[in-house]
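# Examination of the molecular architecture
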Amino acid sequence: MFRRFTPDARPGRAGGVSQALTNGYDRLFRPERLIKADQTPYEVLLEAGLLKLRHYPPLTSRTIRVGDDRIPVARRRHRTPVVLVPPLAASTLIFDLLPERSLVRYLLARGFDVYLLDFGEPGREHSHLGVREYTMEMMPAALAEVRRHSGETDLTLFGYCMGGLFSLIYAGVSGDAHIRNIVTVASPIDMHDSTLAARVLMLLNLPTYVVRRYTGFRLHDMDPGYLQVPGWANSLLFKMTAPVGSLMTYWDLLVHLADRQYVEVHTTTSRWFDHMLDYPGGIVQDFFVKVGLDNALATGRITLGDSEAKFEHIHCALLAIAGDNDTLVGEASARAVMDVVMSADKTFAMAPGGHAGVFAGGKAPANTWRMAAEWLAERSD
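Model, not experiment: these values are computed from the prediction.

### Looking at the packing of helix α4 (residues 131-150) against helix α5 (residues 162-174)
Orientation of α4 relative to α5, taken along the N-to-C sense of each, is 85°, at an axis distance of 10 Å. In terms of their interaxial angle, α4 and α5 are classed as roughly perpendicular. Facing α4, whose interface residues are V131, Y134, T135, M136, M139, P140, L143 and R147, α5 presents F166, S167, I169, Y170 and V173. Among the residues making up the contact of α4 with α5, the classes are represented as 10 nonpolar, 2 polar and 1 charged.

### Thoughts on the confidence of the model for the protein
In this model, the protein carries a mean pLDDT of 89, and residues with pLDDT of at least 70 account for 90%. In the predicted structure, residues 1-7 sits below a pLDDT of 50 and forms 33 contacts with residues beyond four places in sequence or in another chain.

### Details of α4
With 20 residues, α4 extends 27 Å from end C-alpha to end C-alpha; this agrees with the ideal 28 Å at 1.5 Å per step. Along α4, the largest kink reaches about 35° and is centred on M139; proline P140 follows within four residues of it. By the burial criterion, the buried members of α4 are V131, E133, Y134, T135, M138, M139, A142, L143, E145 and V146.

### Describing the packing of aromatic side chains
Within the structure shown, the criterion is met by 10 aromatic pairs. Judged by centre distance (5.4 Å) and plane angle (15°), the ring pair of Y134 and F166 falls under stacked. Placement of Y134 in helix α4 and of F166 in helix α5 is noted, with a sequence separation of 32 residues between them. Across the pair, exposure class does not vary: Y134 and F166 are buried alike. Cluster of aromatic residues (ring-pair linked, three or more members): F95, F158, Y160 and F359. Looking at R54, its charged tip hangs above the ring of Y42, at a distance of 4.2 Å from the centre.

### Focus on the nonpolar core
Counting residues in hydrophobic clusters, the biggest one holds 53 residues, and the most contacted among them are F119, Y134, F166, L168, I182, I189 and F311. Contact partners of L168, with chain neighbours within four places excluded, come to I182, T184, I189, F311, I314, L318, V337 and V341. Listed in part, the 50 residues of the second largest apolar core include F112, V114, F158 and A317.

### Things to note about the sheet that holds strand β5 (residues 82-85)
Taken in spatial order, the 8 strands make up an open sheet running β1-β2-β6-β5-β7-β8-β11-β12, and their pairing is mixed. A strand with exactly one partner marks an edge of an open sheet, and here the two such strands are β1 (43-48) and β12 (346-351). Between one strand axis and the next, the sheet turns by 15° as a mean value, whatever way the strands run. For strand β7 (residues 155-160) and strand β8 (residues 179-185), the ladder comprises 6 bridges, and the chain directions are parallel. The residue bridging L155 from the neighbouring strand is I179, located in β8.

### A short note on the environment of I283
With respect to the helices and strands, the residue I283 is situated in helix α11 (residues 281-293). A C-alpha to C-alpha distance of 6.4 Å links I283 and L129, two positions 154 residues apart in sequence. Once you skip the residues sitting within four places of it in the chain, I283 turns out to touch L88, L129, G130, V131, Y134, M162, F166 and F288.

Cut-offs used in this document
Within every chain, residues take consecutive numbers counted from 1 along the sequence as written. Two thresholds apply to this predicted model, a pLDDT of at least 70 for residue-level local features and 80 or more for giving and counting side-chain atom pairs, whereas whole-chain, interface and lining totals are computed over all residues. Remark: hydrogens and water are excluded; side-chain values derive from all non-hydrogen atoms of the structure. Axis lines are fitted to C-alpha atoms, over the contacting stretch for helices. Their N-to-C directions set the angle, which ranges from 0 to 180 degrees. Only DSSP runs of H or I covering at least 4 residues are called helices, and only runs of E covering at least 2 are called strands; the numbering of each starts at the N terminus. Comment on the angle field: the value is read as roughly parallel under 35 degrees, roughly antiparallel over 145, roughly perpendicular from 65 to 115, and oblique elsewhere. Two residues form a contact once any of their heavy atoms are found within 4.5 Å. Under the grouping applied here, Gly and all other residues not named as nonpolar or charged are polar, the nonpolar ones being Ala, Val, Leu, Ile, Met, Phe, Trp, Tyr, Cys and Pro and the charged ones Asp, Glu, Lys and Arg. Confidence of the predictor at the level of single residues is captured by pLDDT, which takes values from 0 to 100. Any helix carries an expected span of 1.5 Å times its number of residues minus one. To obtain the bend at a residue, axes are fitted to the seven residues ending there and to the seven starting there, and the angle between these axes is taken. Exposure categories follow from relative accessible area, calculated using a 1.4 Å probe and restricted to protein chains: below 20% of the type maximum is buried, above 50% is exposed, and the middle band is partly exposed. Note on aromatic contacts: the rings of Phe and Tyr and the six-membered ring of Trp form a pair at centre separations within 6.5 Å, being stacked when their planes are under 30 degrees apart, edge-to-face when over 60 apart, and tilted otherwise. We call a charge positioned above a ring when the Lys NZ or Arg CZ atom is no farther than 6 Å from the ring centre and deviates by at most 35 degrees from the ring normal. Residue types Ala, Val, Leu, Ile, Met, Phe, Trp, Tyr and Cys, when buried and joined through side-chain atoms within 4.5 Å, form a set referred to as a nonpolar core. Two strands qualify as a pair provided DSSP detects at least 2 bridges between them.

Here it is, written out as structure tokens:
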């Protein structure tokens, strides 16, 4: 997964030894000179605690570069805005990773009005935050502002990984009849499928049953501050899903050290992998117990305090995409959403890539992004 994600950039024109030394120095001591993420202009419409809401204005150029190709910028705009919903541990950089590999720019070029939720960088003081706070407090506030700003009532939610789950949970608990479309990419529903994470959870079934049956201990009774997972641990765990590939990216960097473009791409993608964010303790409690051990999402229901999100209440159009080489979210896990959402218009599709690559790798524009844009174009006017 990691080996395929970073070196997708074509090697550019390589320099000599002096260029390699300069690139190596910048990579080690001045990486900010090499990072090309988050360059698409935007305005912040809302700031409320950790939450920020971005809006990306229409592109002014006639074409944009996507990979090695150039595509025209559509002059006709689709009516229904697209709201991008990120996961938590991963930063929003993956939505605007590189100028030539930016989902934000791609959707703008395809004629969509694009907004992005930014859930910020949680610290210890945010350890109480759980699924309820993100889906019943932050998302409603942000979507109300999207509607005010855009003047449109119908919206599309487009979520990656946990962002897809947040989108589904919000739709299932809010009764928002004006969510017109939901797109999820690499979002796990059935946590008891055949992936490594599922096998670990299944091993915990017996000890969990014993603890619940014979003791009064409950994970949700703990202070969530003790369960906060630091960003460095999330980065390490993510890389350990493909340890050889993770190490190989640095060998590739050494081989192409004289190639400035290659080093820029490597440094930018590494920033996303190496600087992940904390998981708040409340999210750890909810996802470990409800989503993981209890596999609640596979039943189509999850409790949120005194409320319950019911996926049977979701009737909007749904597109779910999974990566064909995703070791974290297997096909069966992602496909399970087809069984619990009651939409008459729902589609499941596979696309090339691992957990990160299916969403932002070199093959994503021609596969995942194109598929989503074409599907949405038929449902956004």
